[in-house]
Amino acid sequence: MSKKLVVVCGATGAQGGSVVKSLLEDGRYAIRGISRDVNSASAQALIAKGVEIVPGQPGDKESVMRAFEGAYAVFGITNPTFTPGPEYEQGKNLVDACKANDVSLFVWSSLPHVAESSNGKYTGVSAFDEKANIDKYLKAVGQPAVIFKTGGFTSNLIKFGELRRDPQDPSKWHIYYPWVRGSTPVYTTYVERDVGPSVVAAINHWEDATTRTELEKEPIPLCSYVISGDEKAQVISKIAGKSVGYIREEPTEGRNALPQLKAVYLWSEEGYISYTIPAPILLKLGVKFHTFKDYVTETVVPFMNAQK
C-alpha cells in the first residue's frame, strides 16, 4: 500500500525544514518538498534522505498547482522576502492549488491580524495582516485546514544579532531588543524544534472526527513559551555563567527601524493578543514543547563560547 503524500512548502527553510524533519522521523508519509532552487546544497541533502524535491514558489501559481498533485496534506507558508507578489496572492495561490487538487488538509502557517487586533491603531503590517486574511479566504472557499499562529522566533536572538558583547567591556553581554521593555512577556516559537512535531501531530490525527473538529474550530497558537527580555537575560546568565543584561533600543536606522517592524514591536509591547501557551489541543496530541533553556543550552552557549 502506497504512503499518503505530504507536500511541504519552503522545505529548505526554517519552518518547512522542521516539518520535513518530523515527517522523516514519523516515517508514515511520502514527502514532496517545494524549493526555489532544487540544486541547492540543502535541497540535495533532502533528496539524499528520500525526499522528492520539486521547483516552485507561492508566487508562481502554476508551479504549486503541479506540486500539489496527488497530495493528501500540504504545509503552506509564504515569505515576503524571497518570493514574488503580495503575500495574500501567494497564500491564495496555495489555497486554490489545494482546492484544485482535492487536498484533504491544508496546514497553514499564519500570523495575527495586527490592524484588527489593535482596532486600527497599527496598520500597514502586510507581513502579518495578509497572512491573517488568508484565514478568511480558507473559510470562504471551504478548504479544510488547520491554521497555526506562530510567535516571535527563538532563533532571532542569534540570527538577527540581538545577543551581542558589550562594546566597552567584553566580559559582559546584552540582549539588544527594539521598542519592547525588558519586563514585557513575548510569545515565542522554537521553530526548529516545535513546528514540525505540531504539524505532523495535526496530520496524523486529521481523520479522527472529534479531533478534527477541535483542530478546525479556530486558529491554534503554535508557540513554545512566553518569556520577557529580562527573563531571557537571567536564563542565559545562569546557564552560560556570563553577565547578560537587557537593553531596550529605539533604532532610527537599519532593519528594526522599518515602519512595519516598528509597528509589530509596539503592538507586541502593548499586548493586543492573549494565548494559552502551549495550546491544549497540541499537548493533547502529544506534542512536547521545548523551552528557552533548551535553546540556550543547545545553541546560545556554544555561540557565546565561540566568540573571541
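Use the structure listed above.
An account of the accompanying structure is given in this report. Every value quoted in this text rests on a predicted model; they were computed, and no experiment measured them.

Looking at the overall build of the protein
The secondary structure content of the protein amounts to 13 helices and 13 strands. When the backbone C-alpha atoms are referred to their principal axes, the protein occupies close to 60 × 45 × 40 Å. Taking all 308 residues of the protein together, 48% fall into the buried category. Within the protein, contacts between residues separated by at least 24 positions form 75% of all contacts whose residues are at least 6 apart in sequence. A total accessible area of about 14300 Å² is found for the protein, and carbon and sulfur atoms account for 51% of it. One finds the centroid of the 34 positive side-chain charges in the protein at a distance of 4 Å from the centroid of its 34 negative side-chain charges.

Structural notes on the packing of aromatic side chains
In total, this model carries 11 aromatic pairs according to the counting rule given. Between F292 and Y295 the ring centres are 6.2 Å apart and the planes differ by 40°, which places this aromatic pair in the tilted class. Residue F292 and its partner Y295 are both found in helix 13 (residues 292-306); the two are separated by 3 residues, about one turn of the helix. Using a relative accessible area of 3% as the deciding quantity, one classes Y295 as buried. Positioned above the aromatic ring of Y72 is the side chain of K4, whose terminal nitrogen or guanidinium carbon lies 4.2 Å from the ring centre.

Structural notes on the sheet that holds strand 8 (residues 163-165)
Reading across from one edge, 8-9-13 is the order of the 3 strands in this open sheet, with mixed pairing throughout. Looking at which strands have only one partner, the edges of the open sheet turn out to be strand 8 and strand 13 (243-249). Averaged over all adjacent pairs, the angle separating strand axes in this sheet is 35°, with direction ignored. Judged from the 7 bridges that link them, strand 9 (residues 172-178) and strand 13 form a sheet pairing that is parallel. Along strand 13, the bridge assignment pairs Y177 with R248. Together, strand 8, strand 9 and strand 13 form the strand contacts of helix 10 (residues 229-240), whose direction differs from that of strand 13 by roughly 160°.

Thoughts on the sheet that holds strand 7 (residues 152-153)
With respect to topology, 3 strands assemble into an open sheet ordered 7-10-12, the strand pairing being mixed. Strands at the two margins of the open sheet, each flanked by one partner only, are strand 7 and strand 12 (225-228). In terms of strand pairing, strand 7 meets strand 10 (residues 185-189) through 2 bridges, oriented parallel. Within strand 10, the residue paired with F153 across the bridge is T189.

A few points about helix 1 (residues 14-26)
With 13 residues, helix 1 should cover 18 Å at 1.5 Å per step; its first-to-last C-alpha distance of 18 Å lies within 8% of that length. Taken as a whole, helix 1 has its buried residues at Q15, G16, S18, V19, V20, S22 and L23. Backbone geometry just downstream of helix 1 places G27 in the positive-phi region, at approximately 80°.

Here's the deal with the nonpolar core
V8, F68, V74, F106, F148 and I203 are the most contacted members of the largest nonpolar core, which totals 59 residues. Here this core gets 7 residues from one element, more than from any other, and that element is helix 8 (residues 191-204). Apart from residues lying up to four places away in sequence, I203 is in contact with V6, Y29, Y72, A73, L105 and V107. Judged by nonpolar contacts, the second largest core, of 24 residues, contains Y177, V186, V235 and V301.

Considering the pattern of salt bridges
Under the defined criterion, the tally for this structure stands at 15 salt bridges. In this structure, K4 and E207 form a salt bridge, with 2.5 Å as the shortest nitrogen-oxygen distance. Pair noted here: K4 is in strand 1 (residues 4-8) and E207 is in the loop between helix 8 and helix 9 (209-217), with a separation of 203 residues, a long-range link. For the salt bridge of D135 with K149, the shortest nitrogen-to-oxygen distance reads 2.5 Å. Placement of D135 in helix 6 (residues 126-141) and of K149 in strand 6 (residues 145-150) is noted, with a sequence separation of 14 residues between them. Both residues of the pair, D135 and K149, count as buried.

Describing the packing of helix 4 (residues 87-100) against helix 6
Two elements in contact, helix 4 and helix 6, have axes separated by 8 Å at closest approach and are oriented at 25°. For the element pair helix 4 / helix 6, the angle class is roughly parallel. Note on packing geometry: the crossing formed by helix 4 with helix 6 is right-handed. Contact residues: helix 4 offers E87, Y88, G91, K92, V95, D96 and K99, while helix 6 offers S126, A127, E130, K131, N133, I134, Y137, L138 and V141. Here the residues of the contact of helix 4 with helix 6 are counted per class, giving 7 nonpolar, 3 polar and 6 charged.

Calculation criteria
- Residues numbered from 1 in each chain as written.
- Predicted model: local features only at pLDDT ≥ 70, side-chain atom pairs only at ≥ 80, totals over all residues.
- Heavy atoms only, no water.
- Helix = DSSP H or I, 4+ residues; strand = E, 2+ residues; numbered from the N terminus.
- Buried < 20%, exposed > 50% of the residue type's maximum accessible area, 1.4 Å probe, protein only.
- Contact = heavy atoms within 4.5 Å.
- Areas by Shrake-Rupley, 256 points an atom, 1.4 Å probe, with all protein chains shown as cover.
- Lys, Arg positive; Asp, Glu negative; His and termini not counted.
- Charge placed at Lys NZ, Arg CZ, Asp CG, Glu CD.
- Phe/Tyr/Trp six-rings, centres within 6.5 Å; stacked < 30°, edge-to-face > 60°.
- Lys NZ or Arg CZ within 6 Å of the ring centre and 35° of its normal.
- Pairing = 2+ DSSP bridges.
- Axes fitted to C-alpha atoms, helices over the stretch in contact; angles between N-to-C directions.
- Expected span 1.5 Å × (residues − 1).
- Core = buried A, V, L, I, M, F, W, Y, C linked by side-chain atoms within 4.5 Å.
- Salt bridge = Lys/Arg side-chain N within 4 Å of Asp/Glu carboxyl O.
- Parallel < 35°, antiparallel > 145°, perpendicular 65-115°, else oblique.
- Left-handed = near helix turned anticlockwise from the far one by under 90°.
- Nonpolar A, V, L, I, M, F, W, Y, C, P; charged D, E, K, R; others polar.

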